[in-house]
Every structure is written in C-alpha cells, then in structure tokens.
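Single-letter residue listing:
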Amino acid sequence: VFLGNGPSGICLSYLLSGYIPYFKRDSLHPHPILQRKLEEAPDVSILDQDLEYLSEGLEGRSHSPVALLFDTLQRPDTDFGGTAESVLTWWHETERAIPHLVLGRNAPGGAWHSIEGSMVTLSRGEWMGLPDLPFKDWLKQKRRGLRNNRATAEDIAQYYQHYVVRKRLQKNFRAGTVVTSVRKVSAESISSHAQKDLQENSDSLWSFNERSTEVFQVDGFFKTVKGVKEPFSIYAENVVLATGTYDSPTWLGVKGENLSYVHHQLSALEEAVKNNTVGIMSDPVLIVGAGLTAADAILLAHHCNIPVIHVFRRRVTDPGLIFNQLPKMMYPEYHKVHQMMKEQSAACAGPYERYVSLPEHHVLSFGNDKKCIFQDKNGYQKVYKISMALVLTGSNPNLSFLPNNGIDLAMDSGQPVNPKRNPIDVDPFSYECTQEKGLYALGPLAGDNFVRFVQGGALAVASSLLKKANKNPP
C-alpha cells in the first residue's frame, strides 16, 4: 500500500506493474565508467542489478546515489544542457508485477492539483517527466511548447493524470481516501471479515508471506461522490510513505499569528487581488520568508502594483539562499526578486517602487490593529502598519497517522520530520526505514525534493520489494 499519489507514488506504481528497465543495447552513456558497468550485464534489468555498484562515483545535484543513477540513465547529459536520449528500454513483464494500492486525497498528481495552475515550475519541463513518456512529447501533442524550458503547474497536474491512464495504472489508484492510522499488528489477530478492502477481486493482495508474523494495518476513510465517509481497513506487509510535504505550512510561533489578516499560503494573496481587497492604495502586504514561494508572492504583488514589506532572517549574500544557487539566465524573474532584495533595503531607497526589503529581521508580533513589530540583528525594533501578512517559510509533512507523528523514524528522533533539516532515516539503496522494517519513505519525506530525483527512490523501493517477493528472474 502506498500513501500518496504524487510523482513518487505514480513512478513506483509503474515499476511494480511489471514495467522493467533494461540498458538499451548500442546506446552510449556519456559517463564512461557507468557505460562500462552497464555493458557488463546487458541482459539483467536495472532493478535486479546492484544499485550501490552502479551508482558509485556519480555526482550531481542530489545527495541520493540512486536518485543520481536513475536520473542519469533517463537524462544522460541534461545538467550540461544536452538532450541525449535515455539509455533505458522498458519491457512489460506482467509475471513480475506486484499487487499494490495507491491511496491519495486528490486525483493522481498529488499536491500539483493544489498549486495555482498558472504558476511556472522551478525545474525545467523535461525534468518533471516520468519514465518512458517524455513530458515534452506529451506537451507537443497538446500543440504547446515550453516557455523558457519551464512548464505550468496545470500542465504538470494534467500530465500526471494522463500518465496513469496511458500506462494503464488506474486500477491501482484510489482517490478521495484519507488515511488516519498506520500501525503494526500481529498477523494472527486479523479476522477474515476485517479484510474489507478498496479493491474488487484482490485476493492476491492478501496472500501474505507465510513467515510474516506482523503486518501493517492501514485505517482511514473513503469519500464517496455524495460526500459520505466510508471507513476502511487494509492489511499489508509493506507500506510506502509518499505523502510529500505540502500539508501544513510552517508557523513562526509569534503572538497574533492566528489573527485573520495573517495567512500561510500564497493563495490568500491571489484571492485578495481577485477581490480587490488589496491594491495600489492599500497599506503594504507583509511577506515573510526568502524561498521561492515568497518570491512568487513578491512577483505577484509587484505585477499588481501592491506595496510590499519583505522580511527575512538571512543576509542577501548568504550562499544558502536559493537565489544564490539559481542560474540567472534560466530564472530571470527570481533573479529580479533577488536584485530587489539587495538594492531596496529600508536603510537606502532603491530603484523599485512600493517594495522594502528587511534582511536579517524577524517578526516579534502581529497586533489587532494590523501593526506588526520587527526586530533586526542588533535588537532594534521597527513597527509597520500592514494590510495583510503572508508567512511563507516552508511547510511540514503531516504524519499524524503514524505513531508519535513519525518522529521515531527521523534522522534525529528528538525532532519532527522535516524534508530539509530532518528527513526520515532510510537505507540509501532500498529506501526502507531504518527504524521500521517493511515501511518505506519516498520523495520529500526521505529528503528528495525535486521530481527528477524522487524517481530514484521509487527504483530503490521496487528493487527491494521484488527481492522480498521473490519475483526476481532466474
């Protein structure tokens, strides 16, 4: 059972439906050592090879060796601007399929359905694609091209839905499901009538391994078309956590943050612009944060001539700031925001109207009168009257369905799970949780935050599950 039907869940469903990747004969990978390794066993699928051996020595923009491996097999020289074709060929070996269910709240595509449709992705369009159906080929069928090599969130959401249909994976997916609990139970304690499931004719799903003494019980409810909540319980030997991190925005934890004019999602500004509740004459909108969502909010406000006060804790030259890691040519709009942050601080007026940058500041409190108090690094305080506040400092996964909110599974088991600072502790070549065998974590929960790199985790999980199910070829 997988929890989450975003790109991680879709990719893993494809691999477990019997679609097996092999090295394409006569293809040439630009990495000579990897090419030599691939030529050693051309008749053995990538899933059945030693992923640690294949990925050894690969370098790139991910800390996960398997993520780098699967990415470079699909897009060999993409980081150098190349367009070399994938060196993989896919075979459909139905006898190697493993029965599974993918549970998600929305349609396949996960959080991509919750993002404003016209938003342009940070990643290049071709990096958003899933195995064996290039995103740009799908876009061509729609008679559309990529703008500056990037795609809109609406395109991505539609592509993921199309992928599930095109690859005939629908039978594995259940939308409208909410999981409330995942816990280990003894296999003997399961009564036969408790095995009501979401899938028709799914006897094979319950053929547990004879040796299993414990299985996972997954409880939740299914929302019918009429809005009725129907409870379910499913039992599985393996559960994959692929719920992403879009669930709960981070709060600052300051006084007045729960007041009605303080928001934690970009959609609140879009709504206010639509309803004309903020405009050129209103008090400034406060934007807190120095990530890409905060930058999107600044661009939107700037476009609508809405005054902005921008508060963030870091220095503008901090190498950890995302803007200092993005190529200027590819991301001109974010480069502009970074320029504004540097040139338009409160201390010195710059060329940009209706925007004030307050680097190395933090919010102390929000008042009932819409007055907000900030403090700088030297302890000096400033007060500004604002029209609304947007706290856009990242988001945390919601793992309330796990015992102790999943904290025991994290790298630091004293802190909540956080994709950037404290991901779930997994084996790098199987993505199985170190603290709980049979439980796997994918995507942001395991520290992989880009679509192009979550797919390697799916490869690792599929490889591990095929070994467990003895579905390896002779």
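Now for a description of the structure that goes with this document.

Criteria and cut-off values
- Residues numbered from 1 in each chain as written.
- Predicted model: local features only at pLDDT ≥ 70, side-chain atom pairs only at ≥ 80, totals over all residues.
- Heavy atoms only, no water.
- Phe/Tyr/Trp six-rings, centres within 6.5 Å; stacked < 30°, edge-to-face > 60°.
- Buried < 20%, exposed > 50% of the residue type's maximum accessible area, 1.4 Å probe, protein only.
- Helix = DSSP H or I, 4+ residues; strand = E, 2+ residues; numbered from the N terminus.
- Axes fitted to C-alpha atoms, helices over the stretch in contact; angles between N-to-C directions.
- Parallel < 35°, antiparallel > 145°, perpendicular 65-115°, else oblique.
- Contact = heavy atoms within 4.5 Å.
- Nonpolar A, V, L, I, M, F, W, Y, C, P; charged D, E, K, R; others polar.
- Salt bridge = Lys/Arg side-chain N within 4 Å of Asp/Glu carboxyl O.
- Core = buried A, V, L, I, M, F, W, Y, C linked by side-chain atoms within 4.5 Å.
- Pairing = 2+ DSSP bridges.

## Section: the packing of aromatic side chains
Working definition: an aromatic ring pair is given by the centre-to-centre distance plus the angle between the planes. In the structure shown here, the tally under the stated rule is 9 aromatic pairs. On the basis of an interplanar angle of 15° and a centroid distance of 4.3 Å, the ring pair of Tyr14 and Tyr19 is categorised as stacked. Across the pair, exposure class does not vary: Tyr14 and Tyr19 are buried alike. Considering the side-chain rings of Tyr159 and Tyr163, the 6.2 Å spacing of their centres and the 55° angle between planes classify their relative orientation as tilted. With Tyr159 and Tyr163 both in helix 6 (residues 153-166) and 4 residues apart, this pair spans about one turn of that helix. Like Tyr163, Tyr159 is buried. By way of ring pairs, the aromatic residues Tyr14, Tyr19, Phe70, Trp90, Phe135, Tyr159, Tyr160 and Tyr163 are connected into one cluster.

## A short note on the packing of helix 8 (residues 292-303) against helix 9 (residues 332-343)
Helix 9 packs onto helix 8 with a crossing angle of 85° between their chain directions and a minimal axis gap of 10 Å. Overall, the two elements helix 8 and helix 9 adopt an arrangement that is roughly perpendicular. Residues Leu292, Ala295, Asp296, Ile298, Leu299 and His302 of helix 8 lie in contact with helix 9, whose contacting residues are Glu333, Tyr334, Lys336, Val337 and Met340. Of the residues belonging to the contact of helix 8 with helix 9, the class tally is 7 nonpolar, 1 polar and 3 charged.

## A closer look at the pattern of salt bridges
All chains considered together, the criterion is met by 12 salt bridges. A salt bridge links Asp71 to Arg75; the shortest N-O distance between them is 3.1 Å. Given the relative accessible area of 5%, Asp71 is considered buried. The class for Arg75 is buried, based on a relative accessible area of 12%. As a salt-bridge pair, Glu360 and Lys377 come within 3.7 Å of each other at their nearest N and O atoms. One end of the pair, Glu360, is in the loop between strand 16 (355-358) and strand 17 (361-366); the other, Lys377, is in the loop between strand 18 (371-376) and strand 19 (381-385), with 17 residues separating them in the sequence. For Glu360, a relative accessible area of 24% translates into the label partly exposed. Salt bridges here are not isolated pairs; linked through shared partners, they connect Asp48, Glu93 and Arg96.

## Here's the deal with the nonpolar core
Of all hydrophobic cores here, the largest spans 83 residues; its most connected members are Leu3, Val218, Leu241 and Ile424. For this core, the element with the most residues is helix 10 (residues 451-468), which contributes 9 residues.

## Structural notes on the sheet that holds strand 16
Spatial strand order, 13-20-14-15-16: 5 strands in an open sheet with parallel pairing. In this open sheet, the two edge strands, each paired with only one partner strand, are strand 13 (262-263) and strand 16. As defined by bridge partners, strand 15 (residues 308-311) adjoins strand 16 across 4 bridges and the pair is classed as parallel. Within strand 16, the residue paired with His310 across the bridge is Ser357. In the packing of helix 7 (residues 267-274) onto the sheet, the strands contacted are strand 13, strand 14 (285-288) and strand 20 (388-391), and the crossing angle to strand 20 comes to about 150°.

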